[in-house]
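# Examining the three-dimensional arrangement
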Amino acid sequence: MLLCHPMHFNEAIIITGTQLYSSSIGYGGRWRFAGNFQDPTTKDLNGNILSEVIAIDAIAFPQRNILKQMEDLLLEREMCKAYCGFKENRDSIRKNKEDGNSELQAIGTGNWGCGLFNGCIELKSLLQLLAASQAGRDVIYHPFGEKIVLKLYGVWNRLREMNCSVGQIWSALIEIRNQNEDKLNSVNEGCLLELLSNKFNFNVN
């Protein structure tokens, strides 16, 4: 990473063949070494690890205000950034299916930009799911104990059952922002997911 130039809004850094040597615990200033790690990841015929690490830089916000984070340019920037990281590239790893075809490996991600950068989890997780869907990738989401992500699962599954497109959900987010500024200007966790489910006329507990 130290050898790479700062990324533009439409760039991601893909590191292939990465191998994990150490276990760790904690986050940020509390991050600690927790022992050696034997990486069991599959290797190719040349002994190269079949793995990718995707680096995409999130916007750092001074505070966790979802209305501010839903401004047009900021939404478009984060969506574009996630898509650049998730879309297929020439070195993307594919896995074989039982029918003889292959598919892209799922993206393993989490609460991107929602720690020190103050991103709103329900918004940033939605943007990642939209970007992955547009890129044709499944997602393995690691919530790190955030209960709001459980509600996100319910909302996203209902949207999939309704065959909602990425464009429809994106347009709904813009309409929700324009029509609910007072609600979104609060710090009420879950507000966006509630408004989104109401927009598509379903309820998720």
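Cut-offs applied
- Residues numbered from 1 in each chain as written.
- Predicted model: local features only at pLDDT ≥ 70, side-chain atom pairs only at ≥ 80, totals over all residues.
- Heavy atoms only, no water.
- Helix = DSSP H or I, 4+ residues; strand = E, 2+ residues; numbered from the N terminus.
- Contact = heavy atoms within 4.5 Å.
- Areas by Shrake-Rupley, 256 points an atom, 1.4 Å probe, with all protein chains shown as cover.
- Lys, Arg positive; Asp, Glu negative; His and termini not counted.
- Charge placed at Lys NZ, Arg CZ, Asp CG, Glu CD.
- Patch = residues over 30% accessible without salt bridge, like charges linked within 9 Å, V, L, I, M, F, W, Y side chains within 5 Å.
- Salt bridge = Lys/Arg side-chain N within 4 Å of Asp/Glu carboxyl O.
- Buried < 20%, exposed > 50% of the residue type's maximum accessible area, 1.4 Å probe, protein only.
- Polar contact = N/O pair within 3.5 Å; in protein donor to acceptor, adjacent residues only side chain to side chain.

### Focus: the overall build of the chain
- A tally of regular secondary structure across the chain gives seven helices and eight strands.
- A separation threshold of at least 6 residues defines the contact pool for the chain, and within that pool the share at least 24 residues apart is 67%.
- In the form shown here, the chain has an accessible surface area of approximately 12800 Å², with 49% of it arising from carbon and sulfur atoms.
- Seen as two clouds, the 21 positive and the 23 negative side-chain charges of the chain have centres 3 Å apart.

### Details of a nonpolar patch on the surface
- A cluster of nonpolar side chains, Tyr27, Leu116 and Phe117, forms an exposed patch at the surface whose accessible area comes to about 350 Å².
- Inspection of the secondary structure assignment puts leucine 116 in the loop between β7 (107-109) and α3 (121-135).
- A relative accessible area of 67% means that leucine 116 is categorised as exposed.

### What about unusual backbone geometry?
- We note that phenylalanine 144 has phi near 50°; this positive angle belongs to a residue other than glycine.
- Its place among the elements puts phenylalanine 144 in the loop between β8 (139-141) and α4 (148-161).
- Here asparagine 163, not a glycine, exhibits a phi torsion of approximately 55°, which is positive.
- Residue position: asparagine 163 is located in the loop between α4 and α5 (166-179).
- Overall, asparagine 163 belongs to the exposed group, its relative accessible area being 65%.

### Brief notes about the side chain of arginine 137
- Its location among the elements puts arginine 137 in the loop between α3 and β8.
- Buried within the structure, arginine 137 lacks any salt-bridge partner; its nearest side chain of opposite charge belongs to glutamate 52, at an N-O separation of 4.9 Å.
- From its side chain, arginine 137 meets the backbone oxygen of phenylalanine 86 in a polar contact 2.8 Å long.
- With residues up to four places along the chain from it excluded, the contact list for arginine 137 reads Phe86, Lys87, Glu88, Ser92, Leu104, Gln105, Ile107 and Ala132.

Note that all results are geometric; they support no functional claim without further evidence.
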